[in-house]
Amino acid sequence: MQVYGFPLSPFVRKVLLVAAVKGIAVESVIGRPGAPSPEFLEASPFRKIPALRDGDFTLSDSTAIATYMDALHPEPAIFPAEARARGKAIWFEEFADTIIVPAGAKIVFNRFVAPRVLGRPGDEAAAEQGMAEIAPMLDYLEGAVPAEGWLTGDTFSIGDIAVASVLRTLAYAMPSPDPDRHPATAAWFARVGEQPCWRAVAEREVAAVATLG
């Protein structure tokens, strides 16, 4: 099973984490932004990242791929069985992917991707706009994170994976959750970082980022 996309992406990281949780062996096929391979385009004709190839089956979009992996390997579950917990897990995935990411992309692109990957200056005004947009989102998360456990209760879920993945990408361009301003979020993020799946994916990510020079 091959996953196409650079590990810095929160969407790629999400899929790699789901695979690690479930013990699915995957090959991370790294491509540079702006230079998609024919194999990637075959799997993702609209350039959605990441893309998956599993034998003769291809799929794109992190949510679709995570759902596919969960169906292939139901245990351990990443979607809670209880109705309210499952709804919350999907909400937090959506919150990460479609609410935090658009604001965070302005920060990460202009403070990390543009200067580090593309070799050109970023737009600091756009980055500051992203910082202003993301502030209430982090405040919301602080009020939603439990003092112990996970976003949906006792079970580590797709919601934790998605939100933590976005925060990890943000950390390339802004500070991680501040224990003084967002103590619950900082403590939860630290708990995620202690998960075996997170450590395994982080090691590969560090190696990939080092190739950027």
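Everything discussed here concerns the structure shown above.
Residues numbered from 1 in each chain as written. Predicted model: local features only at pLDDT ≥ 70, side-chain atom pairs only at ≥ 80, totals over all residues. Heavy atoms only, no water.

Caption draft 1: Quick peek at the sheet that holds strand β1 (residues 2–4). Read across the sheet, 4 strands follow the order β2-β1-β3-β4 without closing on themselves; strand pairing throughout is mixed. A single partner strand is all that each edge strand has here, and the edge strands are β2 (27–29) and β4 (57–60). Averaged over all neighbouring strand pairs, the angle between strand axes comes to 20°, with direction disregarded. Sheet analysis places strand β3 (residues 51–54) next to β4, joined by 4 bridges and oriented antiparallel. Within the sheet, the bridge partner assigned to Ala-51 lies in β4 and is Ser-60. (Pairing = 2+ DSSP bridges. Helix = DSSP H or I, 4+ residues; strand = E, 2+ residues; numbered from the N terminus. Axes fitted to C-alpha atoms, helices over the stretch in contact; angles between N-to-C directions.)

Caption draft 2: Seen up close, helix α6 (residues 158–170). With 13 residues, α6 should reach 18 Å at 1.5 Å per residue; the first-to-last C-alpha distance of 18 Å fits that figure. Most of α6 is tucked away, with 12 of its 13 residues classed as buried. Within α6, the full set of buried residues consists of Ile-158, Gly-159, Asp-160, Ile-161, Ala-162, Val-163, Ala-164, Ser-165, Val-166, Leu-167, Thr-169 and Leu-170. The elements touched by buried residues of α6 are α1 (10–22), α3 (62–72), α4 (83–118), α5 (124–144), α7 (183–193) and α8 (196–210). For α6, the side-chain oxygen to backbone nitrogen distance between the N-cap and Gly-159 is 3.1 Å, and the N-cap itself is Ser-157. (Expected span 1.5 Å × (residues − 1). Buried < 20%, exposed > 50% of the residue type's maximum accessible area, 1.4 Å probe, protein only. Contact = heavy atoms within 4.5 Å. Polar contact = N/O pair within 3.5 Å; in protein donor to acceptor, adjacent residues only side chain to side chain.)

Caption draft 3: Region of the structure containing the pattern of salt bridges. In the structure shown here, the tally under the stated rule is 11 salt bridges. Note that Glu-93 is salt-bridged to Lys-14, the shortest N-O span being 2.8 Å. Linking Glu-93 in helix α4 with Lys-14 in helix α1, this pair joins segments that are 79 residues apart in sequence. Among the residues examined, Glu-93 registers a relative accessible area of 3% and is labelled buried. Taking relative accessible area as the criterion, Lys-14 reaches 1% and is therefore assigned buried. The network of salt bridges with common partners includes Arg-13, Arg-168 and Glu-205. (Salt bridge = Lys/Arg side-chain N within 4 Å of Asp/Glu carboxyl O.)

Caption draft 4: Here's a closer look at the side chain of Thr-152. On the secondary structure map, Thr-152 appears in the loop between α5 and α6. Residue class for Thr-152 comes out buried when judged on its relative accessible area of 15%. When residues no more than four places from it in sequence are discounted, the contact partners of Thr-152 are Pro-80, Ala-85, Lys-88, Ala-89 and Ser-157.

Caption draft 5: Looking closely at the packing of aromatic side chains. Applying the stated criterion across every chain, the model contains 8 aromatic pairs. Both rings, one in Trp-91 and one in Tyr-140, keep their centres 6.3 Å apart while their planes meet at 85°; by these two values the pair is edge-to-face. Highlighted residues: Trp-91 in helix α4 and Tyr-140 in helix α5, separated in sequence by 49 residues. For Tyr-140, a relative accessible area of 38% translates into the label partly exposed. Centroid distance Trp-150 to Phe-156: 5.0 Å. Interplanar angle 70°. Geometry classified as edge-to-face. Assigned by exposure class, Trp-150 and Phe-156 land together as buried. Site record: aromatic cluster; members linked through ring pairs are Trp-91, Phe-95 and Tyr-140. The lysine or arginine in question, Arg-191, covers the ring of Trp-150, its NZ or CZ lying 5.9 Å from the ring centre. (Phe/Tyr/Trp six-rings, centres within 6.5 Å; stacked < 30°, edge-to-face > 60°. Lys NZ or Arg CZ within 6 Å of the ring centre and 35° of its normal.)

Caption draft 6: Fine view of the nonpolar core. In terms of nonpolar packing, the biggest core is built from 59 residues, with Met-69, Phe-112, Val-163, Leu-170 and Trp-188 touching the most fellow members. Among the elements of the structure, α1, α3, α4, α5, α6, α7 and α8 are those that each provide at least two residues to this core. Top contributing element to this core by residue count: α4, with 11 residues. Setting aside residues up to four positions removed in sequence, Phe-112 forms contacts with Leu-8, Ile-107, Val-117, Tyr-172, Ala-173, Val-209 and Leu-212. (Core = buried A, V, L, I, M, F, W, Y, C linked by side-chain atoms within 4.5 Å.)

Caption draft 7: Focus on the pairing of β3. Across 3 bridges, β1 lies against β3 in antiparallel orientation. Each bridged residue has a counterpart across the sheet, and for Val-3 the counterpart in β3 is Leu-52. Counted along the chain from β3 to the antiparallel partner β4, the turn is 2 residues long, and its residue Gly-55 has a positive phi close to 65°.

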